[in-house]
Each structure stands twice: as C-alpha cells, then as structure tokens.
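In case you want the letters, here they are:
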Amino acid sequence: MTIGLPPYAEILRVSVEAEDGAPPVLLMPFADDVLGRPGFLHGGAISGLLEMAAIAALQHALEAEGATGSEARIKPVNVTVDFMRGGRDKPTRAAGVVTRLGNRVANVEATAWQDEREKPIAAARMNYLIVRD
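The shown structure was predicted, so the numbers you read here are calculated from the model rather than taken from an experiment.

Each value, and the rule that gives it
Residues numbered from 1 in each chain as written. Predicted model: local features only at pLDDT ≥ 70, side-chain atom pairs only at ≥ 80, totals over all residues. Heavy atoms only, no water. Salt bridge = Lys/Arg side-chain N within 4 Å of Asp/Glu carboxyl O. Helix = DSSP H or I, 4+ residues; strand = E, 2+ residues; numbered from the N terminus. Buried < 20%, exposed > 50% of the residue type's maximum accessible area, 1.4 Å probe, protein only. Contact = heavy atoms within 4.5 Å. Polar contact = N/O pair within 3.5 Å; in protein donor to acceptor, adjacent residues only side chain to side chain. Core = buried A, V, L, I, M, F, W, Y, C linked by side-chain atoms within 4.5 Å. Pairing = 2+ DSSP bridges. Axes fitted to C-alpha atoms, helices over the stretch in contact; angles between N-to-C directions.

Things to note about the pattern of salt bridges
For the structure shown, the criterion picks out six salt bridges. Salt-bridge contacts for R132 lead to E65; the nearest nitrogen and oxygen are separated by 2.6 Å. Pair noted here: R132 is in strand β6 (residues 120–132) and E65 is in the loop between α2 (43–64) and β3 (72–83), with a separation of 67 residues, a long-range link. Its salt-bridge partner being K119, residue E116 comes within 3.9 Å of it at the nearest N-O pair. A residue is classified by how much of its surface remains accessible, and E116, at 38% relative accessible area, is partly exposed. Owing to a relative accessible area of 47%, K119 belongs among the partly exposed residues under this scheme.

Right, dumping it as structure tokens:
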C-alpha cells in the first residue's frame, strides 16, 4: 500500500507505522518544529497530524475497495478538532477510522495519543468529498 501524505508531513517529520492489512498509524516525533509553549506540542501540529491520519485511513479504505490514487481524489469538506489534554515533549501517534465510505462522501474520525491509545490528547471528525475518475 502506498500512502500519499501532503508535503506538510515532511515538515512535521511524520512517518508511517504500517501493520499488515490494518489502517496505518502515523508517528510524529517531538522537535522544535512542532513546539508550542515550552515543553508542549503546538495545536496546529496536532491538527495536521490528525488530518494526515484521516487521509491515510481513507486512502487505505479506498485501496481496499479497489480504487487507486489515480482513480479517486479526496478533498476535505470540513474538519473539527477536539483538544483533550496537552501534548508533551514525546513522540505522538495518530490513526484514523473511516466511519462511512460512500460514492461521493466519506466520514473519518482520527485520534492522537502519546503514551496510551486509550488516553488521546486530541480527536478529530472530518468529511471528505471523493472525486472518482
């Protein structure tokens, strides 16, 4: 599976932790580029990581149904992010779950966590328009 992340992923130093057949988990290391107030992640970096996790999950779902990147393009419609606790100076992971995949619209939820997946630092709900060629 090939995951096409936006150029912003390079700035955040995001890497993909792929599991066999499972939607990908993204990893963002803590660095000066993602620093907000001292010792904490910037909210924009967390939001960017969540959006990329949602995109990766949606690409995974589209590929599972037989679509390739050239057959389906995704365009964000809206994004809602809930910040639950401050992201500390440690690696952050994020994963998305496609809750609905229609012919033209997809709904995706994503969560970001640090130590325990069950204790997210932020969550997002996103809607995407799917343009199928």
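Observations regarding the environment of F30
Along the chain, the position of F30 falls in the loop between β2 (25–28) and α2. Counting along the chain gives 91 residues from F30 to I121, while the straight-line C-alpha distance between them is 14 Å. Not counting residues within four places of it along the chain, the set of residues in contact with F30 comprises L35, G39, F40, L41, R88, D89, K90 and P91.

Some details on the environment of K90
Position of K90 among the secondary structure elements: in the loop between β3 and β4 (92–101). Taking the relative accessible area as the measure of exposure, K90 reaches 27% and is therefore partly exposed. With sequence-adjacent residues up to four places away left out, K90 is seen in contact with F30, Q114 and D115. Within the structure, the side chain of K90 is placed 2.9 Å from the side chain of D115, a separation counted as a polar contact.

A look at the nonpolar core
Counting residues in each nonpolar core, the largest one holds 30 residues, and the members touching the most others are L12, V14, L26, M28, L50, M126 and Y128. In this structure, V14 is in contact with L5, A9, L26, L27, M28, L49 and M52, ignoring residues within four places of it in sequence.

Overview of the side chain of Q114
By secondary structure assignment, the location of Q114 is in the loop between β5 (105–113) and β6. Within the structure, the side chain of Q114 is placed 2.9 Å from the backbone nitrogen of R88, a separation counted as a polar contact. In contact with Q114, not counting residues within four places along its chain, are L41, G86, G87, R88, K90, P91, T92 and I121.

Topic: the sheet that holds β5
Sheet strands associate in pairs through backbone hydrogen bonding, adopting either a parallel or an antiparallel arrangement. Read from one edge to the other, the open sheet built from six strands follows the order β1-β2-β4-β5-β6-β3, with strand pairing classed as antiparallel. Each of the sheet's edge strands pairs with one partner strand only, and the pair in question is β1 (15–17) and β3. Recorded for the sheet is a direction-independent mean angle of 30 degrees between the axes of neighbouring strands.

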